[in-house]
Each structure stands twice: as C-alpha cells, then as structure tokens.
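Residues per chain are reported as follows:
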Amino acid sequence: MKDIVRTWLESGRIDLFLGYRLVDGHPIPHCFSKERLEEVEQLTESLARYPLEKIAHQMLQKDPAVRIGLMARDCTQRSVRVLAAWNQIDMDRIRVLTMSCCPSDAKDKAFCSYLQEPETGPVRKSNGMPSTGDPDDCRVLPAEERLRRWLYEFQKCIKCYGCRDICPVCFCKDCGLEHEDLMDKGVVPPEVPLFHLIRAVHMAGRCVDCGLCEEACPVGIPLRLLYRKVNGIVTDRFGYRVGQTKDQSPFNVLGEFSPLELSSLDD
Amino acid sequence: MTNSLADMDRSECLFVIGSNTTETHPMIAKRILRAVERGAALIVADPRHIQLARFATVAVRHRPGTDVALLCGLMHLIVRNNWHDQDYIRQRTEGFSSFERVLQNYPPERVAQITGVAVEDLVRMAEIYATRSPAAIYYAMGITQHTTGVDNVKACANLAMLCGNVGIPGGGVNPLRGQNNVQGACDMGGLPNVLPGYQPVGDEQVRSRFEEVWGTRPPGQMGKTIPEMIQGMQEGRIRALYVIGENPRGSEPHLRHLDSALEKLDLLIVQDIFATPTAQKADVVFAASAVAEKDGTFTNTERRCLRVRKAVDPPGEALEDWRILCRLADALGAPQNFEKPEDIFEEIRRVTPSYAGMTYARLGIDGLQWPCRTEDDPGTPILHVGSFARGRGIFHPVAHKEPAECPDDAYPFILSTGRMFAHYHTGTMTRASTHLDREQHTAYVEIHPKDAQTLSIEDGDQVRVSTRRGAVALEARVTNRVRPGMLFMPFHFQEAAANILTNPAADPVAKIPEYKACAAAIEKIMGGETAQERSV
Amino acid sequence: MDCRLVPSVCSYCGTGCGVLFSVIDGTLVGTYPIKTHPVNEGSLCIKGWNLHEHITSPKRLRNPMIRRNGQLQPVSWDEAIQEAASRLRTVVEEHGPDSVGVLTSAKITNEENYLAQKLARTVIGTNNVDHCARL
Ligand code: SF4
Ligand code: SF4
Ligand code: SF4
Ligand code: SF4
C-alpha cells in the first residue's frame with residue numbers, strides 16, 4: 001500500500017494522497033504529498049472512518065486541477081460516484097486506492113465499524129427503533145408502533161446537523177434543513193418529524209449507506225435505517241441503485257429547490 | 001466534577017438539576033441519554049420543561065430559587081424511610097446529627113408548598129435516588145447562579161453523602177462547567193485568593209515556594225473579585241483594568257452600573273479576538289488569537305487537561321495571547337523567557353503539584369485528568385476515593401431562602417436567564433458564525449401560553465420586558481417550556497441584553513449573581529415604538 | 001495545494017470535545033469530531049461543528065488599537081505595548097499595585113491564564129485577579 005502511494009506521488013499521477021496516519025495513537029486523516037514523501041512511511045489503515053471524499057471535494061472546489069488519491073473503502077467509492085454524478089467532482093481527478101473493508105473470511109483486516117451492532121438497553125428495546133439496519137426487520141411491527149418508535153427517536157435530536165455535516169453526499173450550499181419557511185429555528189428538538197423527513201427525502205436516490213451519519217449522531221438515532229427505507233423505494237420504483245452508476249438519480253430533490261420538498265412529502 | 005464523563009456509563013441513577021444539558025452541554029447529554037437507554041433512572045428537576053425531561057423517570061418543574069427546599073425535602077424523605085447509607089455516614093462523614101435536625105423542617109407537605117412539586121413526585125424522586133445505586137448528581141448554572149448558590153451546592157453534596165455516593169464509580173457531585181476553560185482558569189490561579197493549584201495566597205510557605213521559581217514574592221493580601229473590582233472602580237480605588245478574552249459588558253449583571261464604573265477608569269486594556277462591547281470602551285486593544293491559532297492546553301469539566309494545537313496563523317497582525325502577555329511583561333521590565341507554550345507548561349508543572357506529572361508528550365490527544373503528580377501517575381478519574389480531600393466529609397446544614405427579589409404587583413413574573421443551544425455566552429463568538437447566527441438571529445423571551453393569553457401576547461410579537469434596573473424590547477416566544485408566571489431569556493444578544501435586567505444581588509460567599517431569578521414585568525409593544533432599550 | 005487536519009479541542013463549552021480542524025492552503029475550512037476521542041467519541045454539537053466559522057469571521061480584530069481623539073485607531077504592536085505599559089506604570093506609581101485589576105479568561109489556554117496571573121502577581125504586584133467563572 002505504501003509502495004503504491006509512493007509510486008503514484010513520485011510519478012506525478014496524483015498530486016496529493018488522502019489517507020490516515022497515527023497521531024498519539026489515534027488514526028487521523030492526513031494528506032500525503034510529493035514534497036514530504038518520507039511521511040508515506042506513516043501511512044496506515046484506520047478502523048475509524050472519516051469522510052475523506054468530502055475533504056477531497058472541498059480541495060477540488062478550491063483547485064479543480066489538483067489530482068487526489070484517496071484511501072477508499074467500498075462506501076467511499078460509492079460516494080465518489082454519486083458526487084461525480086451530481087457534477088460535484090470530476091472523476092478524472094480522483095484515483096482510489098481500495099481498502100479492504102466488508103468482511104469475509106477470505107480477507108485480512110476486513111472491518112467496518114458500521115457493521116457493529118449498536119448498544120441496546122431495555123429502554124431502547126421498548127421505545128427505540130430496532131436498529132439492525134434492515135428495514136424488513138421493522139415491518140414486523142405494526143404501523144402505529146413503528147410511528148411511536150420513530151417519534152421517540154426523533155425527539156432525542158439535539159439539532160447538531162452532524163448527520164448532514166459529515167455526510168459525503170450532502171453538499172448543498174443552501175441547505176433545506178435551515179430554511180426558515182420550512183422549519184422552526186432555534187428550538188430543540190427540531191420539529192418532529194419534519195426535520196428528519198426532509199433529510200430522508202433528500203437522501204432518496206443519493207445516500208450511499210455509508211453509515212457515517214448514524215455514527216456521528218450523538219443521540220443514536222438509527223438514521224441509516226431511515227435512509228435505507230427511502231432508498232429502497234427509489235430502487236423499487238425506478239430500479240436505480242445509488243453509487244452503482246454514473247447517472248443521477250431519477251428522483252431528485254435538491255436543497256436549492258426546497259419548496260419542492262413539501263409536495264414530495266405529500267406523495 | 002468529582003467523577004469522569006466515562007463514569008456515567010456506570011451510574012444506575014442520574015439526577016440532573018439546574019442544567020438544560022441537551023442545549024448547554026450536548027455531548028454530556030449524549031451520555032445521559034445513553035445511560036437512560038441502557039436502563040439507568042433519570043431524575044430531572046428544572047423550572048423549565050427541558051428536552052431531557054421527556055426521557056426522565058421523574059421530571060419536576062420546581063419554582064425558580066427553591067432548590068434548597070427541594071433537596072432538603074428529598075433528604076427528609078430519605079432519612080424518614082431509612083434509605084440513607086448509615087455505614088458510609090458513620091465512617092466517612094461528620095456533622096450528621098445536627099444536619100438531621102435541620103432536615104426535620106422540611107416535611108414533604110411544606111416542601112410541596114414552597115417548590116410547587118407534588119408530594120408523590122417528591123417521594124418517587126427520593127426513593128429512586130436513594131435506592132438506585134450508584135447515583136450521580138449533575139448540576140450547572142441553574143444551581144449556582146442564585147443568591148443561595150453556595151447553599152444549593154452544599155445541599156447537593158449533602159444529598160450525595162447521605163446516600164454514600166461520593167468517591168464511588170458512577171456517583172459523585174458533578175458541576176458542569178459553563179465555559180470551555182473555566183476549570184483551567186481556576187487551576188491556573190485566575191482567582192484573587194489562590195495561586196496556581198489552589199494554593200492560598202495567604203500561606204507563607206506557599207509564597208516562598210513560588211518566590212523560588214518566580215524570583216519575585218507574590219503579594220499575600222487577598223485580591224478583589226470582579227464585583228469588588230467594579231465597586232472599587234466606582235470608588236476610584238481601581239484605576240486600571242486589563243481584560244483578557246472576556247466581555248463583562250455582556251456578562252455582568254446590571255449593565256448600567258458597570259458602564260459607569262468603566263467610565264471612571266484611567267486605563268482600560270482589552271485583549272480579544274472581536275471588537276466586543278467591552279473592547280469598544282477600551283483605551284488600548286490587543287488583537288488576540290482564537291483556538292486554532294495557538295498551541296497550549298485546556299482543562300475540561302472532568303479535570304482532563306487536553307492539548308490545543310495550532311492549525312493556522314492569527315489574522316492580520318493579531319498575536320497569540322501568550323506572546324502579547326510576554327511582550328507586555330517585557331515592556332514592564334520583567335522579561336519572561338518563554339519561546340513556546342510548552343516552556344510555560346513546564347513552569348506550570350513545577351509550581352502546580354496536581355499538574356506535575358503532565359508533559360505535552362504524555363497528554364497526546366486523550367489528555368490526563370488531574371491530580372497527576374508524577375510522570376508515571378495515570379491521572380485521577382474519580383476524586384475522593386476512600387476518603388475526602390480534607391479527611392471526613394462534612395454535612396453543612398442549609399436552609400431555604402427566597403430569591404433576593406420576589407415577584408410583586410409591579411413586577412409579577414420571575415425572570416430567569418440562560419443559554420440556548422446554538423449560542424454561547426455573550427454571543428461574541430457564536431454570532432460571528434454564519435450557521436449559528438442563522439439558527440437563532442434575534443433575542444427572544446419565553447412566556448407560558450396562559451400568561452401570553454392574559455396579556456394578549458402572540459408568538460412572535462414584540463414585547464418589552466422590564467425590571468427595577470431597566471427594560472429591553474424583544475420577540476415573544478409563546479411556549480409551555482416555561483411555567484406559568486415565569487419568563488426565560490437567553491443572554492447571548494447584546495441588542496436586548498438580558499443583563500440590563502438581571503439583579504446583581506449575589507451569593508455572599510461565591511459572589512455569583514442571581515441570574516436565575518429576578519422580578520420582571522412584560523407587556524406587548526403597540527405599533528410605532530422602536531426596539532430601543534429604555535432606562536428606568 | 002496543501003491540506004492539513006489538525007487535532008484540537010472545542011473552545012465553546014466545558015465539555016472539551018476533540019475536534020479536527022481541516023485546513024486547505026492555510027485557510028480553516030471545516031471542523032470534524034475526532035472519532036476516537038475519549039470525551040466526544042465522534043460527535044459534536046452544533047457549536048462544535050461550526051467552530052471554524054467564528055475563527056475565520058471577517059469581524060476578527062486584525063490590529064492592535066489605541067484610542068486617540070476618542071477613536072480607536074490601528075497601531076503597531078510596539079506602540080500598543082508601550083502605551084499600555086507606560087500607562088500601567090503610571091497608575092501603579094500613583095495609586096499602588098492594588099489599583100490595577102486583571103480579568104483572565106475561560107477562553108484562553110492554561111498557559112495564557114498562568115502568564116496573566118503571574119503578570120498580575122509578580123510584575124504588577126497585586127492579587128486582583130479574577131475571571132468570569134461565575135457567569
Ligand atoms: S449513510 Fe448517512 S452519511 Fe452516508 S451517505 Fe447516507 S445519509 Fe450520508
Ligand atoms: S446527527 Fe442526530 S442529533 Fe444531530 S441533527 Fe442529525 S439526527 Fe439530530
Ligand atoms: S438540502 Fe438536503 S441534501 Fe442538501 S445538504 Fe441539506 S439535507 Fe443534505
Ligand atoms: S462540541 Fe459542543 S458539547 Fe462539545 S465542547 Fe464544543 S460546545 Fe461543548
């Protein structure tokens with residue numbers, strides 16, 4: 001891995017490489033460059049996942065000509081495709097170095113934090129949404145019960161916007177979650193369930209199921225489950241699978257066109 | 001905090017009083033919610049219906065300023081039912097018998113009358129706190145910002161000791177520090193009565209030890225607290241004030257009084273990152289640095305000393321605060337030979353025993369919790385294990401007192417001030433942030449729907465809130481988060497500064513002003529009037 | 001182009017969450033939570049997520065200033081420091097060290113707090129040191 005990165009940087013195929021290195025025992029994202037080749041020795045894989053593609057996106061916005069290498073898990077690669085489909089990045093500017101993640105007996109070091117079962121205590125079991133991540137698991141619950149449980153989850157929200165801020169495919173300059181016309185501002189929890197439904201609608205056909213939002217959510221709302229659900233609808237209705245193609249989703253609602261959101265909620 | 005944040009995962013009961021944790025310490029609220037979902041009991045006592053109350057086993061809204069009565073009421077019930085930890089009391093505390101006599105004045109019926117909390121709720125709270133062990137108490141400014149602040153804190157400590165909850169994992173009495181480095185500022189001797197490491201200025205030996213390192217003997221006479229300094233300014237005894245990174249014109253009670261004091265100074269030096277209202281009054285302004293612009297350390301609410309690292313240079317000509325201080329000392333003829341913050345930290349270690357074992361290398365990213373006395377000391381996650389710092393824990397009898405100012409005909413409401421989730425302190429930092437400003441752009445006052453109806457105030461109306469000290473105009477937010485008869489106002493907004501209204505009456509010992517309760521009136525502003533403050 | 005990610009600590013409330021500043025070409029562009037930090041374990045509140053915004057605000061003070069003819073005017077550091085020092089000296093000479101007060105801060109580092117109280121106690125010679133902890 002180190003050799004590949006070194007070769008890429010030396011040969012000029014990329015200008016910079018986004019990977020990880022250990023700082024005081026913590027894996028921290030780091031940008032390796034040709035000027036500091038010796039640092040490549042410190043390159044390491046990381047169990048903790050950061051949205052490297054989001055950082056790359058920011059770099060490309062500053063300088064569209066820069067070529068960036070990316071240590072990429074499967075989810076990273078999916079979001080790179082989505083970002084390209086939405087014309088946020090130029091695929092030619094990104095080169096990915098695949099990191100072994102989704103576990104299998106045949107692979108070494110395969111690990112993904114989002115496959116860990118979240119902690120569930122008795123209160124969570126009786127009030128929260130079962131967060132196995134599979135929407136089908138929830139269908140066993142009667143609809144009313146599902147609603148009650150979602151409402152319990154949404155009431156915990158402290159409105160940190162972390163789910164949006166960490167999301168590799170949330171890039172709207174003018175985010176619908178902050179529109180005064182749509183949402184009461186300055187109160188927590190944010191309007192239940194509107195805040196979460198708006199984001200869910202936006203994630204339909206866009207969410208790459210990386211689970212970073214759920215990991216960043218301080219209060220443990222099973223967000224990935226919510227977005228899987230809406231994505232499932234897009235897949236069922238339009239046969240579109242997020243992050244698998246270079247095409248935009250047939251279902252698109254952007255922050256810039258936020259008034260659309262209300263009508264799409266009525267669907 | 002006597003205990004650690006990680007320790008919350010071990011508590012069986014969390015008692016949150018006077019802290020709107022999900023808004024003021026959200027990442028601590030995260031752990032509270034996690035504990036609740038794991039099955040721990042949660043007791044919430046706050047005059048407002050805060051977000052945490054939705055997840056509580058018992059939540060009560062007591063009348064502002066009645067914390068002592070509430071806590072004594074709980075202790076009365078605990079003793080009456082024999083739920084207290086008698087072994088612990090015998091082995092580790094003193095003063096219990098006289099304290100127990102005082103508790104007899106707080107039968108639940110009387111407490112219910114004072115606090116407005118139903119007797120059944122009192123009983124449930126007492127039973128849950130006393131029987132679900134270990135139990136931890138968390139409190140914030142809702143406890144301390146009262147004329148009875150010190151009594152409130154003592155009452156919390158009494159309750160914890162009564163049930164044997166001090167010095168054990170998952171227990172403790174845990175104040176949540178409001179500002180990021182309050183703990184560090186205190187640890188470093190930013191107080192008139194103690195040198196770094198809480199070593200009293202009056203102690204000859206302590207002063208000699210500092211003299212060895214500093215080369216100058218620190219003065220032995222106690223200095224002045226902020227309210228005393230302001231008084232001194234009024235009387236011409238304080239002639240120069242050097243304010244670093246603070247905006248007293250936003251945070252001090254009774255703003256007008258402070259302004260006239262500032263006028264009387266010969267010299268006001270302000271060191272800040274923004275042109276705060278205080279800086280605008282200054283004679284000399286030092287342009288300072290923000291968090292990402294310097295190296296150093298902060299100490300958080302669980303006594304964890306953490307490394308802060310420089311990521312960018314300060315803007316323009318602005319300088320790191322430590323450089324400014326060194327240059328000023330130099331110009332005053334006392335050169336400080338520090339080339340980098342780490343050099344200063346090395347000196348801190350020499351004079352502060354509780355930091356002696358820390359080095360920048362050891363701090364890393366995780367930090368270390370003091371006391372950490374030697375380089376192989378792993379730090380101290382829980383204080384008072386085995387015994388209290390001063391031997392036995394002492395029960396201090398405390399008695400209920402009404403707030404310094406109670407509602408009357410002219411000012412029929414109780415006004416509390418505090419924070420809201422998107423802003424911080426006097427707003428100088430958060431209001432310069434686009435996203436935070438977008439989240440809440442204007443000042444507002446919360447009023448209960450019933451009161452609003454009586455006064456024909458609707459949500460979003462412009463209203464005038466007034467007290468004996470002044471008046472401000474702002475927007476009404478009609479919500480049942482507050483109790484009837486109560487108003488709540490965040491203090492982050494200079495254009496409607498809550499502290500024009502608040503009462504400077506302070507706790508006699510801690511000198512903390514009563515921000516959580518003063519008498520106020522509210523009226524709707526009829527068209528035409530501008531949102532100007534009016535002096536009384 | 002250069003991009004750096006620098007671990008640090010949130011400077012808003014007393015929780016002390018671990019943050020990661022992202023810096024592109026010397027400009028702060030974002031704040032992330034440190035995933036493995038013992039305090040915040042990978043999350044932040046709204047203030048933490050936007051920590052970089054107040055730092056890059058155009059309202060930041062860029063120069064030291066001295067009041068001249070009633071107006072605060074930008075000056076060099078030498079001038080500002082000299083002005084402060086000489087006027088402080090005058091006050092101390094005329095009214096004694098206890099006529100000076102120093103307010104340290106919960107927003108500056110331990111090192112800076114330490115220096116501030118040391119300056120008050122040894123250079124000026126007063127224990128009139130306090131900070132806004134109670135507020
Ligand atoms: S899982 Fe969450 S963070 Fe990842 S793409 Fe979907 S919404 Fe964004
Ligand atoms: S991350 Fe969680 S708490 Fe934060 S805004 Fe999103 S849902 Fe709410
Ligand atoms: S508008 Fe929707 S899609 Fe865009 S950033 Fe906001 S939440 Fe994400
Ligand atoms: S991120 Fe929020 S909870 Fe954490 S220290 Fe900053 S203000 Fe406090």
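Note that the coordinates shown come from a computational prediction; the quantities given were computed from them, not determined experimentally.

(A) Focus on the sheet that holds strand β11 (residues 284-287) of chain B. Ordered by their spatial adjacency, seven strands build an open sheet running β5(C)-β4(C)-β11(B)-β10(B)-β9(B)-β6(C)-β7(C), and the pairing between neighbours is mixed. The open sheet terminates on both sides in strands that have one partner only, identified here as β5 (71-74) and β7 (129-130) of chain C. With two bridges joining them, β11(B) and strand β4 (residues 65-68) of chain C adopt antiparallel strand pairing. Note on β4(C): the bridge partner recorded for B:Val285 is C:Met65. The strands touched by helix α4 (residues 110-124) of chain C are β9 (240-244) of chain B together with β6 (100-103) and β7 of chain C; relative to β6(C), the strand with the most contacts, the crossing angle is about 165°.

(B) Spotlight on the domain arrangement of chain C. Residue and element names in this part refer to chain C. When cut into domains, chain C gives domain 1 (3-55), domain 2 (61-95) and domain 3 (97-130). Summarising the inter-unit geometry, the C-alpha centres of domain 2 and domain 3 are found 18 Å apart. At the interface, four residues of domain 2 touch four residues of domain 3. The largest share of the area that domain 2 buries against domain 3 comes from Leu88, Val92 and His95, three residues that together contribute 84% of it. Among the residues forming the side of domain 2 that touches domain 3, the class breakdown is three nonpolar, one polar and no charged.

(C) Structural context of the site of ligand 1. Lining the immediate surroundings of ligand 1 are A:Cys167, A:Pro168, A:Val169, A:Arg199, A:Met203, A:Cys207, A:Val208, A:Asp209, A:Cys210, A:Gly211, A:Cys213 and A:Tyr227. Broken down by class, the residue content of the shell around ligand 1 amounts to nine nonpolar, one polar and two charged.

(D) Inspection of the interface of chain B and chain C at higher detail. Counting residues at the interface gives 145 residues for chain B and 94 residues for chain C. The contact between chain B and chain C buries some 10300 Å² in all, and 62% of this surface belongs to carbon and sulfur atoms. Looking only at chain B, the three residues that lose the most surface to chain C are B:Met27, B:Leu332 and B:Met429, adding up to 6% of its buried area. Summed over the shared surface of chain B and chain C, the number is seven salt bridges. B:Lys294 is paired through a salt bridge with C:Glu112; the nearest N and O atoms lie 2.9 Å apart. At the junction of chain B and chain C, the tally comes to 61 residue pairs in polar contact (both at pLDDT 80 or more).

(E) Main features of the pattern of salt bridges. Tallied over the entire structure, the rule returns 60 salt bridges over all chains. Here B:Glu37 ties to A:Lys156 by a salt bridge, and the two come within 2.7 Å at their closest N and O atoms. Of this pair, B:Glu37 sits in helix α2 (residues 26-38) while A:Lys156 sits in the loop between α6 (143-155) and α7 (162-166), which puts the two residues in different chains. With respect to burial, B:Glu37 and A:Lys156 carry one shared label: buried.

(F) Molecular detail of the side chain of B:Lys30. Of note, B:Lys30 is situated in helix α2. In this structure the side chain of B:Lys30 is engaged in a polar contact, spanning 2.9 Å, whose partner is the backbone oxygen of C:Asn40.

(G) Geometry of the packing of helix α15 (residues 321-331) of chain B against α4(C). Viewed as axis vectors pointing N to C, α15(B) and α4(C) meet at an angle of 15°, and their least axial separation amounts to 9 Å. In terms of orientation, α15(B) lies roughly parallel with respect to α4(C). Seen along the crossing, α15(B) lies across α4(C) with a hand that is left-handed. Here B:Asp321, B:Trp322, B:Leu325, B:Cys326, B:Leu328 and B:Ala329 of α15(B) lie close against α4(C), whose contacting residues are C:Glu112, C:Leu115, C:Ala116, C:Leu119 and C:Val123.

(H) Region of interest: the domain arrangement of chain B. Each domain of chain B was delimited in the assignment, giving domain 1 (5-176), domain 2 (179-223 + 288-311 + 341-372) and domain 3 (413-524). Distance between the C-alpha centres of domain 1 of chain B and domain 2 of chain B: 32 Å.

(I) Molecular detail of the site of ligand 3. With respect to spatial proximity, 10 residues lie near ligand 3, and among them A:Cys170, A:Cys172, A:Cys175, A:Gly176 and A:His202 are the closest. Tallied by class, the residues present in the shell around ligand 3 amount to five nonpolar, three polar and two charged.

(J) Expanded view of the UniProt feature "domain: Molybdopterin dinucleotide-binding" (unreviewed entry) in chain B. Within this numbering scheme, the UniProt entry marks residues 413-519 of chain B as carrying the feature "domain: Molybdopterin dinucleotide-binding" (unreviewed entry). Taken end to end, residues 413-519 of chain B has its terminal C-alpha atoms 6 Å apart, with 11% of it in helix and 36% in strand.

(K) Spatial organisation of the interface of chain B and chain A. The interface is formed by 27 residues belonging to chain B together with 25 residues belonging to chain A. The interface formed by chain B and chain A includes four salt bridges. Scanning the region where chain B abuts chain A turns up 13 residue pairs in polar contact (both at pLDDT 80 or more). Within the residue set of the side of chain B that touches chain A, elements represented by two or more residues are α1 (21-24), α2 and α18 (434-439) of chain B. With eight residues, the top contributor of residues to the side of chain B that touches chain A is α2(B).

Analysis parameters
- Residues numbered from 1 in each chain as written.
- Chains lettered and ligands numbered in written order.
- Predicted model: local features only at pLDDT ≥ 70, side-chain atom pairs only at ≥ 80, totals over all residues.
- Heavy atoms only, no water.
- Pairing = 2+ DSSP bridges.
- Helix = DSSP H or I, 4+ residues; strand = E, 2+ residues; numbered from the N terminus.
- Contact = heavy atoms within 4.5 Å.
- Axes fitted to C-alpha atoms, helices over the stretch in contact; angles between N-to-C directions.
- Domains from an automatic or database assignment.
- Buried area = accessible area lost by both parts, 1.4 Å probe.
- Nonpolar A, V, L, I, M, F, W, Y, C, P; charged D, E, K, R; others polar.
- Near = heavy atom within 4 Å.
- Salt bridge = Lys/Arg side-chain N within 4 Å of Asp/Glu carboxyl O.
- Polar contact = N/O pair within 3.5 Å; in protein donor to acceptor, adjacent residues only side chain to side chain.
- Buried < 20%, exposed > 50% of the residue type's maximum accessible area, 1.4 Å probe, protein only.
- Parallel < 35°, antiparallel > 145°, perpendicular 65-115°, else oblique.
- Left-handed = near helix turned anticlockwise from the far one by under 90°.
- UniProt positions renumbered as here; feature names shortened; annotations may be inferred.

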